[in-house]
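Tertiary structure, described
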Amino acid sequence: MAGRTFAEKILARASGVPSVRAGEVVEARPDLVFSHENTFLVNKSFSELGVGKLWDPDKIVIILDHRTPANNAQTAAVHSKIREIVKTYGIKRFYDSGEGICHQLIVEDRLASPGQLILGADSHTLTAGAIGAFATGIGATEMAGIWATGSIWLKVPETVQITLTGHLGKESYAKDVALHLLKKYGPSGADYKSVEFTGSALLELSISSRMVLCNMATEMGAKTAIVPADATTSSWFQETDLPTGDSVKSDHDAKIADKFQVVLDDVPPLVSGPHKIEDVRSVEEASGIHIDQAFVGTCTNGRLEDLMAVSRVLKGRKVAPGRRLIVAPASRRIMIDAIEMGAIRNIVASGGTVLPPGCGPCLGAHEGVLGPGEVCISSSNRNFRGRMGSQDSEIYLASPATVAASAVKGCIADPREMLSNDL
Amino acid sequence: MTSNARVWLFGDDVNTDMIIPGRYLDNYDPDHLASHAMEGVDPEFASKVSRGDVIVAGVNFGCGSSREQAVIALKHAGVQAVIAVSFARIFYRNSVNLGLPSIVSSDASRVFHSGDSVRLDLLSNSMESEDGSRKAALEPVPEYLAKILESGGLIPYLRSRLKS
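Scope of this entry: the structure provided in the associated data block.

How each quantity is defined
Residues numbered from 1 in each chain as written. Chains lettered and ligands numbered in written order. Predicted model: local features only at pLDDT ≥ 70, side-chain atom pairs only at ≥ 80, totals over all residues. Buried ≥ 20, exposed ≤ 12 C-beta atoms within 10 Å, placed from the backbone. Helix = DSSP H or I, 4+ residues; strand = E, 2+ residues; numbered from the N terminus. Pairing = 2+ DSSP bridges. Right-handed = clockwise from strand over helix to strand, strands pointing away. Core = buried A, V, L, I, M, F, W, Y, C linked by C-beta atoms within 7 Å. Domains from an automatic or database assignment. Contact = placed C-beta atoms within 7 Å. Expected span 1.5 Å × (residues − 1). Arc of directions from axis to C-beta. Nonpolar A, V, L, I, M, F, W, Y, C, P; charged D, E, K, R; others polar.

Residue and element names in this part refer to chain B. Covered by surrounding structure in strand S2 (residues 54–57) are Val-54 and Val-56 together with Ile-55 and Ala-57, the residues of both alternating faces. In the sheet, strand S1 (residues 2–9) pairs with S2 via three bridges, with the strands oriented parallel. Its bridge partner being in S2, Val-7 is matched across the sheet by Val-54. Sheet analysis places S2 next to strand S3 (residues 81–84), joined by four bridges and oriented parallel. Residue pairing for S3: Val-56 is matched across the bridge by Ile-83. Regarding topology, helix H4 (residues 69–77) serves as the crossover connection from S2 to the parallel S3, and that connection is right-handed.

So, in structure tokens, the structure goes:
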């Protein structure tokens, strides 16, 4: 009999049965759940249930990040209502406006841990898979169901294994690997699947880089994406007794539906878009395309290593005339670290604008909305038409280094060329 | 139960920013959301859609964000069902949870065109043109989810379960 996949093990434990197989529907009890501004909708549905009491306020986390600080009076009222909700229900883990992005805080504050079942009312919940949790996105109404009952139906996913070998080349990053995978396998390439990253290259990828990979697996349709906990995970948690054994890993003879391979040496800096994530080409092919705005931030690429990459590219350079560079750290902690390490100074001195921690302009709500005919290169995860503003604007996706190089040149530019001039 | 419906045909990878652009999400009023339904792909949809119309689409319908407002917008605009080759998983979950049938059909998007009048029978999983000349097979909704849909969504389903 074949062994069990990570997904099968975690969902069996969470649903209190000895074993489950891919394809089965289970009623699982999550270890941790979270929602953002859509807590407003969660609460609306929860109120309709007439239960009154939360299943377990200690397992619920609320983070305000999508429109922070409030972009208008309506949002301000939603934020106020959510502050009232957390008080009424005794939810202690509440992150108010300005603390950062939900997916960042869940990992950064060590709320997520290996082998947990984490459900977030946001599509990029997969990000927490970077530390070995089974994390997936759900809707607001079913979050209300969890608030009331502590359980939810989930289909046990099949597993796709992505093996990463080799070494990243100059100015290639985890983001480029993710775009490479999207180009190769498309926006449905991992539909409904549990993606497991494996291979020798993981040794060279930080928790931040692993978060990029798991986060972007969302765009391939994945249900969850994990990097099994290893020595990097343990040292990040500063614990030696973290579960890193068989209980949080697929068995070697588990059933794997698909196997993908990437040799990292073959991944150059890449650019995706506009409008379609899978429309990916090398930065050389895209170079010279005019941009109006460059944005670095989001749950995908707003971490310290991203801000440091931007700072390195910008040092001694200026944002091109008539262009805007906008940088939003993914959390307050990251912002403090980036201040202490001089990155924020370099960004601001080069002509960039630094936003408070949060989702920033990624979803077109505020803080850098695009006008008709404008082009943005962004370190975010989606370049759908109209996402950041006008239906007639365009979004390209790339790594923070490529975004920064493009801000300096005023058009899409190769960070390798820019840095090769540095002695 | 058979109903007559008018078809709105869309392509592959219809994402949630097409269904309801992010800039409208700060107002949770269903009528406001419905007035911008599908604006990102067809700005005239919201003003022309009639109660009972169906959306027919290709692969990966509803990809992108987890925003439940995508389903709220379609439902309140009058859409009675979405029939697609495949669905993005959170959209699919949200549609079941809010009582909007999302039905898989490998051929509906090839067989039907925008403006077609069709007879839709969600109990016998059939869809055919008014004159009966064109048909598409609909995949049955999994039993567990059919119960939620029959209750009108997750909240009424849970309400009756919590009572008993």
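So that's the structure; there's more coming.
What follows is about the nonpolar core. Ranked by size, the top nonpolar core spans 190 residues in total, and within it Ala-404 of chain A together with Leu-74 of chain B carry the most contacts. Counting contributing residues, this core receives three or more from each of domain 1 (6–264) and domain 2 (272–420) of chain A. With residues up to four places along the chain from it excluded, the contact list for Ala-404 of chain A reads Val-296, Ala-309, Val-310, Val-313, Leu-314 and Pro-415 of chain A.

A few words now on helix H3 (residues 73–89) of chain A. Residue and element names in this part refer to chain A. The end-to-end C-alpha distance of H3, which contains 17 residues, comes to 24 Å, matching closely the 24 Å that a straight helix rising 1.5 Å per residue would cover. Of all the positions in H3, only Thr-75, Val-78, His-79, Ile-82 and Val-86 are classed as buried. For H3, the angular spread of buried residues about the axis comes to 100 degrees, placing them on one side. Exposed residues lying more than 90 degrees from the buried face of H3 are Ala-73, Ser-80, Glu-84, Lys-87 and Thr-88. The positive-phi residue at the C-terminal boundary of H3 is Gly-90, with phi of around 70 degrees.

Right, let's talk about helix H11 (residues 304–314) of chain A for a bit. Residue and element names in this part refer to chain A. Counting buried residues along H11, eight of its eleven residues qualify, which places the element largely inside the surrounding structure. Along H11, the residues that are buried comprise Leu-304, Asp-306, Leu-307, Ala-309, Val-310, Ser-311, Val-313 and Leu-314. With its phi angle positive at about 75 degrees, Gly-316 sits one or two positions after the end of H11.

This paragraph deals with the interface of chain B and chain A. How big an interface is tends to be reported as the loss of accessible area on association of its parts. Taken together, the contacts link 32 residues of chain B with 40 residues of chain A. When contributions to the side of chain B that touches chain A are tallied by element, the ones reaching two or more residues are helix H1 (16–19), helix H5 (89–97) and helix H8 (154–163) of chain B. Looking at the side of chain B that touches chain A residue by residue, the classes come out as 13 nonpolar, eleven polar and eight charged.

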